[in-house]
Amino acid sequence: MKRPRESEADGRADDIPESSRVRDVQHRSDGGMDDPLIECKHRIFLSHSGAQKDFVEILCEALENHGRFPFFDRRHSSLPKGESFPERILAAARQCQMGVVVVSEEYFMSKWPMIELDAFVQTRLKQEEQQSETKLKILPLFYKLSLAEFENEERRAAWYSKWEDLAKEDKRINISSWKDSLRQLKRFNGIEYHHNMSLMAYRDEIKDSICNEVPPDVKWDDSHVQGGAKLCQVIQEAISGIQPLKQYGVRVVGVYGVGGMGKTTLCKILCNKFCEKSHVKSSHVELGSKSSTELLKEVLKDLTNNDHDFVNGLIEDKCWDFLKATCKHKIFLAIDNVWPDPKSREEAKKYLKLGKEVHKESVVIVTSRALETLTSLGVSKKDCFAMPSLEKEDAEKLFLYHATSGNRVLNENDKHAIKKCIDLCYFSTGGHYLPLALKALGLQLGCIDKRPSEWVKALKEVKDFNPLKDEENPVFGILRTSFDSLKSTEQDLFMDLVVFTPMHSKVDEEGLSFGLMDWLAVVHNQSLQEIGNRVQRLKERGLVEDVDMGAQHVYMHDLYREFANLEASGKLKDLDFKKRKWAYYENSYPTECLKMMPSRGRWQNLTRFGIEEEWEEKPRRLERIKWSYLSDVVVLKLWCDGKHPGDLDLKGLRCLKSLDLVNVCPLDIRDGLQNLEHLVYFKWVFRNDVFLEKLPASLEVLLLEGSYRMFSLGSGVFDLCFNLAKLELRDCRAGNLDFRNCSSLQRLQLFDLHHPDLEACVSELSLDGLQDLSKLTVFRWKRRHFVDSWGSLDMWSPMWFNHRLQCQLPASLRVLRIVEDVSLRSDVFARCTKLRKVYLGLCRAESLDLRNCTSLESLEICNLYQSKEQSFIAVTEASLERLDDLTERDIGNPIKLPVSLEVLRAWSVRIPFVSGAFKLCVNLTKLELRNCVAGNYLDFRNCSSLESLEILGLHPISEGALVLSLDGLQDLRNLTVFRWKFYNVHDKVYSYELECQLPASLQVLEIYENVCLRSNVFARCTKLSELNLTSCHATSLNLRNCNALQRVGLEKVEGLRTLSGLSSSAATIEKLKVNGCDTLDRIPGLDQLVGLRDLRLRNLCSIRNLRLSKIGCLTNLEELYLDGTNVEHLEEDVPTLAAYWPRLKWGSLVNT
């Protein structure tokens, strides 16, 4: 439910997506308000009226850039759509740590701001009454109302009167409580805005004050870490004593120690510490925990202000480019868990080389298990330190935290029992306690009992543990006890998570691919929720650190991964092969399977089996394995190099449920693996010529990927697939595919699908039976090498195929994405009443009729050929690109836009937007027209919700019509951003007119186009903060009413003689740039711009009466450019220049 728009200033604007990172730590206030509706994930609450929303949004962004993520009603995480907002606002106001009150006249005359203030004050009073240790802080910002005006009794009387009117409409309003809250507000020390200071300086003061009082919303909770302060102190002292490395340009410190010593914990604590420092961004990258691309994207999000959705869509090379280009500030980067292998060290070096791009005072920490690994990276040996060890007292606290869930109230008699426990985690070889061992043992004993006296009895069950045993890592003994205490089914789940996961089992940026949790649910025959609960129980036992069900990713310590891999390889336990449950061979010979024979004709305990060979390894002939001995195997994973001939006889694997093959071909593939009657998951990547004709009826998930179109599918390949729910085909060949028997199909994805006749330049492929798939919700058909999202076409593929979709799509469909040369029927969407998102690229259609798509929310069309008409019904977001083949008759059928439309992006659309195109668009909030065609004028007067308007290259229908005007802009009360630019410098030049005043709501105006402006175009723009005009026409510009200007840029404004009214923004203007305005002879009020930091007057050949001494009063100037401008200065001016502008950055800045 959206918050209603109100005629008063207290109405909240629509939500916009939050680009800030997700926070794992959520703190609750201890004021007694335990509201189950909302967890207190917002330490700061920004309370304001609608009139100050723009000021508050910039403040919010500044706080987000410093790791504080306030409750702000334009953030989706604060007010999610579809949920009731009153309860969320009240709960957030009561549970925050600081309530920021933007004081103004509108604030005290509006209902919701007063409700928020009352919630702050009454919560604070209750906390004081209860003598709570922590109390809600209230910070008043006297921005539009001075402290004296706030205390004025006449004003308060007017507020009281307004409250009485509000109380008549809402009986829940308690006027006496509001009056009390107003009185209480006075006692809180606030920050007042003075007219002699710039808005930027005011916001910086507010931001610094909030950051000093409220710690950042860290990504990791370090409250349970024992000895953390000591660890940080040791490393920070080391950092302060080292010099920047010449090789990397920043200070680099190395930390080494055995696994489980707490190196990763140290990195996270240091990230939190550096996050608290102003102007420092921090990031922790744990190598090996995710793919290199996923890790890089997280670093890019942490260290820059790039939009997160934008980052998610980048390839790895582009991520590095953007990171180097945009990360120029101070950073703290922790490169954790570097291994000695070349791949890990190369990845670490890439991050170290980033030091050349960032601020020289940045700090990088690198951790590894061995000192030699650090020095091989170029880290000086004197700057490497052994991981500090835990003191006994800290070890005891850490153990008790995990064993007692944080409850440390213990009897004196328990001390001896606790000492016995933590002594098991002390390893004399290194002379230290291992934090990971303390955690593992604590969680294990805590699950048995909460009483220390019972722990001693249970220590006898810590079997096979010997601290003197020469194992791969001494902590594995305790890890084994945790693992052995699990039920057999939970052990299988843990091994599946770590070792036997199929290749590339992850969710993509659209959330559509088959992820890890999906695979586990299929293999274990459980729902996603049941799998999530089981993984959560592994977390409670300490085997898993965290679970992200959305991204389907599980986080765990690298030692647990190492433990699982060693366990699967049989290296941790001297166990007879016939008793083994798991066997995994990574670049090793499966000796047991080749040389041993089971007693009963099968390895009856073995349920998981896998072989993985690197490409450069010598291939091993797997057909020598007696696969019939593995008849009880449930999960089989075979990844081999491209040279392997294949030919595996798998028909005896009667229990097999998951089959993951890479470059391996079963013997019985032609008959569809019919004997595998329990097979539910089949992923096959194969690079040789193969023909697949039949598939088993049990199959639920099928993922096939060929290479160079050598994977062929028979027309009846899916005849038996009644249970198939998810299907993905990549780079395969097929004629007609018949899906009519796939009655359970929910998700269908086709990438680079080709006809068997590779010699034909144009071939046809049809999909039959789609209309009968009553459960199909997602259908994607893409050419893999097409770069969409306004990108360009990659001509990598040497041949083109013309496919056809000669059926209607099913009624159940919700998401459709086609980026392929596909011919569509005009009635293809006739049944699609539930369709929500559509993307069409490279398609062909004589016409598209979407009138039955009443649930459509997002429509994107890119390169649609031969399209004559688009009929959009109930669309909330639409994108159009390159709708070609415009003819005379098309002009009579212009694009029809629906009343529901909220966002429209149109690129290179040749079907015209005529004057009435936006007649019904009362809900349109964002409009972008790029390289489009329009009539002689466009009427926006009905677009009452429009907030952002961007025009980049707008062309008239006919060559004779060179004048285009925009009507109704002055009536758009919500318009805050207006940009009008040319699209291509080589385009034909048209002239445009802006024959109206701009609206009062406008904050940002950018015009880079041949537009004629009236002298009073800015008469209403009292909120305008950023103004940039380039290549426009205007004889005079009056900025008298623009008293909120911060940045002004005028470049090559033809005919401009008079620029007046700058002095109205004397205290707020920070940057003034005037360049190439040949006819401008003076700038009145320039010497009054006391807040100016950046002044650039260039190529103003007609300027008169401008002397350096006259602008000497601009003492805040930091940058000054006067080249090509007629500036008078006397010899006596020169010695006093430094006195005029003490903050000025000298060098080549002044060229008079």
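Residues numbered from 1 in each chain as written. Predicted model: local features only at pLDDT ≥ 70, side-chain atom pairs only at ≥ 80, totals over all residues. Heavy atoms only, no water.

Per an unreviewed UniProt entry, the protein goes by TIR domain-containing protein and derives from Ceratodon purpureus.

Colleague: Describe helix H21 (residues 488-498), listing the residues and the values that go with them.
Modeller: Within H21, nine of the 11 residues are buried, leaving the element largely enclosed by the surrounding structure. Those residues of H21 that fall on the buried side of the exposure criterion are Glu490, Gln491, Asp492, Leu493, Phe494, Met495, Asp496, Leu497 and Val498. (Buried < 20%, exposed > 50% of the residue type's maximum accessible area, 1.4 Å probe, protein only. Helix = DSSP H or I, 4+ residues; strand = E, 2+ residues; numbered from the N terminus.)

Colleague: Give me the lowdown on the pairing of strand E28 (residues 815-819), citing residues and values where you can.
Modeller: Remark: a regular strand shows side chains that alternate across the two faces of the sheet. Of all five residues that make up E28, five are buried, and the element is covered over most of its length. The alternating pattern of E28 places Val815, Arg817 and Val819 on one face and Leu816 and Ile818 on the opposite face, and all of these are buried. Where strand E26 (residues 778-782) lies against E28, five bridges are found, and the strand directions are parallel. By the bridge assignment, Phe779 is partnered in E28 with Leu816. Sheet analysis places E28 next to strand E30 (residues 837-841), joined by five bridges and oriented parallel. For Leu816, the partnering residue across the bridge sits in E30 and is Val838. (Pairing = 2+ DSSP bridges.)

Colleague: How would you explain the pattern of salt bridges if you had to name every residue and give the values?
Modeller: Under the criterion given, the structure shown has 34 salt bridges. A salt bridge links Arg155 to Glu105, with the shortest nitrogen-to-oxygen separation between them at 2.4 Å. Here Glu105 lies in helix H3 (residues 105-108) and Arg155 lies in helix H6 (residues 153-169), a separation of 50 residues in the sequence. For Arg155, a relative accessible area of 27% corresponds to the partly exposed category. Judged by relative accessible area, which is 25%, Glu105 ranks as partly exposed. It is possible to trace a salt-bridge network through shared partners that takes in Asp492, Asp496, Lys581 and Arg608. (Salt bridge = Lys/Arg side-chain N within 4 Å of Asp/Glu carboxyl O.)

Colleague: Give a detailed account of the packing of aromatic side chains, specifying residues and quantitative values.
Modeller: Following the criterion strictly, the structure yields 28 aromatic pairs and no others. Seen from their ring centres, Phe45 and Phe71 are 4.6 Å apart, and the 10° between their planes marks the pair as stacked. Of this pair, Phe45 sits in strand E1 (residues 44-47) while Phe71 is found in the loop between helix H1 (53-64) and helix H2 (85-95), placing the two residues 26 residues apart along the sequence. Taking the relative accessible area as the measure of exposure, Phe45 reaches 1% and is therefore buried. (Phe/Tyr/Trp six-rings, centres within 6.5 Å; stacked < 30°, edge-to-face > 60°.)

Colleague: Tell me about the sheet that holds strand E2 (residues 98-103), residues and numbers included.
Modeller: Read from one edge of the open sheet, four strands run E1-E2-E3-E4, paired in parallel fashion. Sheet topology places E1 and strand E4 (191-192) at the edges, where each strand pairs with a single neighbour. Sheet analysis places E1 next to E2, joined by four bridges and oriented parallel. Looking at the pairing, Ile44 lines up with Met98 of E2.

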